[in-house]
Amino acid sequence: MMLLKNIKDINLLINAVDKCTGDVLLRSVDGTEEFNLKSKLSQYIAIGKLCADHGDEYEIFCSNKSDEGYMLGFFLDLNS
């Protein structure tokens, strides 16, 4: 689970998602919305949500444990 408020370049996020082998889900903190970021259509909807300054209302979940480690590294690199 990672909050997305520090994402400045959506293309970096999409490139990271594309490198994952399993599903990568963008889910609202309250659980009412969920988007599979492996789907291009869902990516467009999610980008709209994130660009509207709602990044602190969403988290990333990975179905594959190795993808989870990769995405965690991606977010840690953003903070450095």
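Our subject is the structure listed above.
Throughout what follows, the structure given in this document is the object of discussion. Just so you know, these numbers come straight off a predicted model, no measurement behind them.

Cut-offs applied
Residues numbered from 1 in each chain as written. Predicted model: local features only at pLDDT ≥ 70, side-chain atom pairs only at ≥ 80, totals over all residues. Heavy atoms only, no water. Pairing = 2+ DSSP bridges. Helix = DSSP H or I, 4+ residues; strand = E, 2+ residues; numbered from the N terminus. Axes fitted to C-alpha atoms, helices over the stretch in contact; angles between N-to-C directions. Phe/Tyr/Trp six-rings, centres within 6.5 Å; stacked < 30°, edge-to-face > 60°. Lys NZ or Arg CZ within 6 Å of the ring centre and 35° of its normal.

An order of β2-β1-β3 is seen for the three strands of this open sheet, with the pairing classed as antiparallel. In this open sheet, the two strands that pair with only one neighbour each are β2 (34-36) and β3 (58-62). Across the sheet, the mean angle separating the axes of adjacent strands is 25° when strand polarity is ignored. Of the strand pairs in this sheet, strand β1 (residues 24-28) and β2 are connected by three bridges, and their pairing is antiparallel. Directly across from arginine 27, in β2, lies its bridge partner glutamate 34.

A complete count under the given rule lists one aromatic pair for this structure. In this arrangement the basic side chain of arginine 27 is found over the ring face of phenylalanine 61, its NZ or CZ atom lying 4.1 Å from the centre.

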